[in-house]
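Observations on the three-dimensional arrangement
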Amino acid sequence: MSANSISKSIIYREPVTVDKSLSNLPLLLQRIFATRGIQKLEELDLHLSQLSPPTTLFGIESIVELLIESIETAAKIIIVADYDADGATACAIAMRGLTLLGAKNLDFMVPNRFEHDYGLTPELVLLIKKTFPAVAVIITVDNGISSVEGVEMANQLGIKVGITDHHAPPSQLPAATAIVNPKLINNTHKLSHLAGCGVMFYVLWAIRHSLINIGRFSADSAPNLAVLLDYVALGTIADVVVLDQTNRILVQQGLARIRAGQAHYGIQALIQLAAREMRQLTSSDLGFSIAPRLNAAGRMSDMSLGIRCLLADDITTALALAQQLEQFNQQRKTCEAQMKQQAIRLIDHIERIDTHPLLSGICLYDKEWHSGIIGILAARLKERCQRPVIAFAAAKGEEIRGSARSIQGIHIRDVLSEIATAYPKLLKQFGGHAMAGGLTLKLSDLPSFTLIFNQIIHDKLMTLDPVQTIVCDGQLSSTELIIDTAHLIKYASVWGHGFPEPLFHNTFSVIQCRILAQQHVKWVLKLTNTSVLIDAIAFFVDQPNNWLTVSTIEAIYRLDINYYRGQNQLQLQLIHFFAVTH
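Residues numbered from 1 in each chain as written. Predicted model: local features only at pLDDT ≥ 70, side-chain atom pairs only at ≥ 80, totals over all residues. Heavy atoms only, no water.

Quick word on the overall build of the protein chain
Stated precisely, the cut-off is as follows: Numbered from the N terminus, helices here are DSSP runs of H or I no shorter than four residues, and strands are runs of E no shorter than two. Just to be clear, the radius of gyration here is over C-alpha atoms, and the globule rule we use is 2.2 Å times residues to the power 0.38. Buried residues are those whose accessible area, probed at 1.4 Å on protein chains only, stays under 20% of the maximum for their type, while exposed residues exceed 50% and partly exposed ones sit between those limits. Any pair of residues with heavy atoms lying within 4.5 Å of one another is described as a contacting pair. Working definition of accessibility: Shrake-Rupley area with a 1.4 Å probe, residue cover restricted to the visible protein chains. A residue counts as positive if it is Lys or Arg and as negative if it is Asp or Glu; His and the chain ends are not included. By convention, the point assigned to a charge is CZ for Arg, NZ for Lys, CD for Glu and CG for Asp.
If you tally the helices and strands in the protein chain, you get 16 helices and 17 strands. Scaling as 2.2 N^0.38, a compact globule of 582 residues should have a C-alpha radius of gyration of about 25 Å, and the protein chain matches this with 24 Å. Here the protein chain holds 582 residues, and the buried ones make up 53% of them. Once local pairs closer than 6 in sequence are excluded, the contacts in the protein chain between residues at least 24 apart make up 68%. Accessible surface for the protein chain amounts to roughly 25,500 Å². Of this, 51% is attributable to carbon and sulfur atoms. Each charge class in the protein chain was averaged separately, 49 positive and 52 negative side chains, and the resulting centres sit 3 Å apart.

Concerning unusual backbone geometry
Phi at Ala-275 is positive, roughly 60 degrees, even though this residue is not glycine. Position of Ala-275 relative to the elements: it lies in the loop between helix 9 (265-273) and helix 10 (283-300).

Section: the packing of helix 7 (residues 229-238) against helix 10
In a packed pair of helices, the relevant descriptors are the angle between the two axes and the axis-to-axis distance. To keep it simple, the criterion reads: In this analysis an axis means a line fitted to C-alpha atoms, helices contributing only their contacting stretch, and an angle means the value between N-to-C directions, from 0 to 180 degrees. Every angle not falling under 35 degrees, over 145, or within 65 to 115 is termed oblique; those three ranges are roughly parallel, roughly antiparallel and roughly perpendicular. Note that Gly is not counted as nonpolar here; it falls among the polar residues with everything else outside the nonpolar set of Ala, Val, Leu, Ile, Met, Phe, Trp, Tyr, Cys and Pro and the charged set of Asp, Glu, Lys and Arg.
Interaxial distance between helix 7 and helix 10 falls to 9 Å at its minimum, and their mutual angle equals 90 degrees. Judged by the angle between their axes, helix 7 and helix 10 are roughly perpendicular. Together, Ala-233, Leu-234, Ile-237 and Ala-238 of helix 7 and Ser-283, Leu-286, Gly-287, Ile-290, Ala-291 and Leu-294 of helix 10 make up the contact between the two elements. Taken together, the residues of the contact of helix 7 with helix 10 sort by class into eight nonpolar, two polar and no charged.

Considering the sheet that holds strand 3 (residues 106-109)
What counts, and what does not: Paired strands, as defined in this entry, are two strands with at least two bridges between them according to DSSP.
Ordered in space as 3-2-4-5-6, the five strands form an open sheet in which the pairing is parallel. Edge strands, defined here as strands with exactly one partner in the open sheet, are strand 3 and strand 6 (178-180). Ignoring which end each strand starts from, the neighbouring axes of this sheet average 20 degrees apart. Examined bridge by bridge, strand 5 (residues 160-164) and strand 6 share three bridges and lie parallel to one another. The residue of strand 6 that forms the bridge with Thr-164 is Val-180. With respect to the sheet, helix 3 (residues 85-100) is in contact with strand 2 (76-80), strand 3 and strand 4 (135-141), its orientation differing from that of strand 3 by roughly 170 degrees.

Brief notes about the nonpolar core
To be explicit about the condition: What makes a nonpolar core is a set of buried Ala, Val, Leu, Ile, Met, Phe, Trp, Tyr and Cys residues whose side-chain atoms join them at distances within 4.5 Å.
Counting residues in each nonpolar core, the largest one holds 142 residues, and the members touching the most others are Ile-79, Phe-508, Trp-523, Leu-559 and Leu-574. Apart from the residues lying within four places of it in its own chain, the contact partners of Ile-79 are Cys-91, Ala-94, Met-95, Leu-98, Leu-106, Asp-107, Phe-108, Met-109, Ile-139 and Val-141. One finds Ile-390, Ile-400, Ile-407 and Ile-419 within the second-largest nonpolar core, a separate group that totals 23 residues.

Some points on the pairing of strand 4
The buried fraction of strand 4 is high, at six of seven residues. Sheet topology places strand 2 next to strand 4; five bridges connect them, and they run parallel. Looking across to strand 4, one finds that Ile-79 is bridged to Ile-139. Here five bridges tie strand 4 to strand 5, and the two strands are oriented parallel to one another.

Observations concerning the environment of Ala-536
Mapped onto the fold, Ala-536 is located in strand 15 (residues 533-538). If we ignore the near neighbours within four places in the chain, the residues touching Ala-536 are Val-521, Lys-522, Trp-523, Leu-525, Gln-571, Leu-572 and Leu-574.

A look at the packing of aromatic side chains
Quick reminder of the rule: Centre distance within 6.5 Å is the pairing criterion for rings of Phe, Tyr and Trp, where only the six-membered ring of Trp is used; planes under 30 degrees apart are then read as stacked, over 60 as edge-to-face, and the remainder as tilted.
Summed over the entire model, instances satisfying the criterion amount to twelve aromatic pairs. Relative to Trp-205, the ring of Tyr-202 lies with its centre 5.1 Å away and its plane at 55 degrees, an arrangement referred to as tilted. Taken together, the residues span about one helical turn, with Tyr-202 and Trp-205 both in helix 6 (residues 196-213) at a distance of three residues. Arranged with centres 6.2 Å apart and planes meeting at 45 degrees, the rings of Phe-504 and Tyr-557 form a pair that is tilted. Here Tyr-557 lies in strand 16 (residues 552-564) and Phe-504 lies in strand 13 (residues 504-516), a separation of 53 residues in the sequence. With a relative accessible area of 0%, Phe-504 lands in the buried category. One aromatic cluster in this structure is built from Phe-33, Trp-495 and Phe-499.

Things to note about the pairing of strand 17 (residues 567-579)
Summarising the sheet, strand 15 and strand 17 pair through three bridges and their orientation is parallel. Bridging across to strand 17, Ala-536 finds its partner in Leu-572. Pairing geometry for strand 16 and strand 17, over twelve bridges, is antiparallel. Directly across from Ile-556, in strand 17, lies its bridge partner His-576. The turn joining strand 16 and strand 17, which pair antiparallel and follow one another in sequence, is formed by two residues; a positive phi near 50 degrees is taken by Arg-565.

What about the pattern of salt bridges?
Spelled out, the test is: The salt bridge criterion pairs a side-chain nitrogen of Lys or Arg with a carboxyl oxygen of Asp or Glu, the two atoms within 4 Å.
Taken as a whole and assessed by the stated rule, the structure comprises 16 salt bridges. A salt bridge links Asp-313 to Arg-96, with the nearest nitrogen and oxygen atoms 3.1 Å apart. Of the two residues, Asp-313 sits in the loop between helix 11 (304-310) and helix 12 (315-348) while Arg-96 sits in helix 3, which places them 217 residues apart along the sequence. A residue is classified by how much of its surface remains accessible, and Asp-313, at 60% relative accessible area, is exposed. Notably, a salt bridge pairs Glu-326 with Arg-293, separated by 2.6 Å at the nearest N-O pair. With Glu-326 in helix 12 and Arg-293 in helix 10, the pair connects residues that are 33 residues apart, well separated along the chain.

With respect to the confidence of the model for the protein chain
Rule in force here: Every residue is assigned a pLDDT by the predictor, reflecting its confidence on a scale from 0 to 100.
Of the residues in the protein chain, 96% reach a pLDDT of 70 or more, and the chain-wide mean stands at 92. Overall, residues 1-7 carries pLDDT values under 50, and its contacts beyond four positions in sequence, including any with other chains, amount to 26 contacts. Taken as a whole, residues 351-358 scores under 50 in pLDDT and shows twelve contacts with residues more than four places along the chain or in a different chain.

See below:
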């Protein structure tokens, strides 16, 4: 009935033995934390003192040496950012942090999605040299690990390059002066899941430590780098990295600063325009309300606007820049809706999508599609079809650029690597992670690529369990479905990728149902066999009018709190749901 409908098996997280150190927690939290691998109470300690020291980050000594020398000689340093929220926050961290540590000759440049390829390309290096003739050092943030040719160009021009990145390294590393990337460390290392902004924060921490050791600062007079943690929290959540204890600490401490009114003006402005309450901000707010507004700059225009917002020195300037980001975000929503409608019409022409071997993976292209939106489009279609999807848009000349999103069990970067190995002339560029990737190829090669991609996905789907599962934390009783439980869970920890916010499963009678903004569904529900009435909402529902006549639903939901006109009320956010027929 809906893209949100459940067509999968529902599994409750297995109960596990709870460590005695957790026994003072409420029983519900004991169960939730235990099923997320928490074995001792200290694993829930999110104070900065629990962070691994920066000396444990492989390669950090070289970049510390490079940047201290650059600071002391007033060498011209250019920060090269990526055009997403992680890259923007990492750039802001570098600009603010290096300034605090004494840098006085500092600027940044971010590639334009529509004019430049990803990362530090030779063309971008030449542009930097033209724009900043005195450039002596380039520091990449959230990119650079694959920029072999760009670093080679910088070396030829006598520009030193320090790379800070967190993406998977290629077989050939750039010949940079320094490289810091936690992916070069064993994946079990405590810092292996840092986002790009987290890597840059650690570099600054290491520089501060070294400057104290050589007497440039005393321990008391050294800059307090904790002022940068609101940036780190936003970038970490926006990039959907694994929230291990290290990242939960960084996010929790950043949220604490935001809730205390100590966020930078740019983040304050974004929160204000998102109509969120700063004192009660959560990681979910960062991911679903704040990050999209920042990302809109890189998707629709130029991320330098977003970086300037983050770096604003007063609230008036920050609000003016944030308003421009808001306008871009509205344009993004409109463009996304139009592209989604076009894509659905294309998919509707595909017959037997679940059985035909050439339709196991989906490739779609329209010459009018916006290249900044294709990633979101691919994600929406992946959820609708439960198949890996690649959406393509026009790029330079005869090339097209694709953004891929995958399903559990199919590593999309490995699929692209497999294609590149078997057909070495097909892909111009590719990269990514397990669930998301990007690629560039010639438009004329799209038919061949589509056949190859679909066949590989078909073969991989044959090895997967055809019944995909939704894992949740069981049912809640009528005594647990209260606002106090929502408060308890909301602030018990930092929730996100790898440390999922609790989801629950119950059956409800529908008392009232209405449509909001033509795409969201708002309910008043009654817990089955009780008199308990609860508000609920589901966002971005396909064919929402179909739910107006449903009398009973089964739902997977998370507990939320609706703050409206000074009133706090329990609200369920439905993640998956389907009609119950009697």
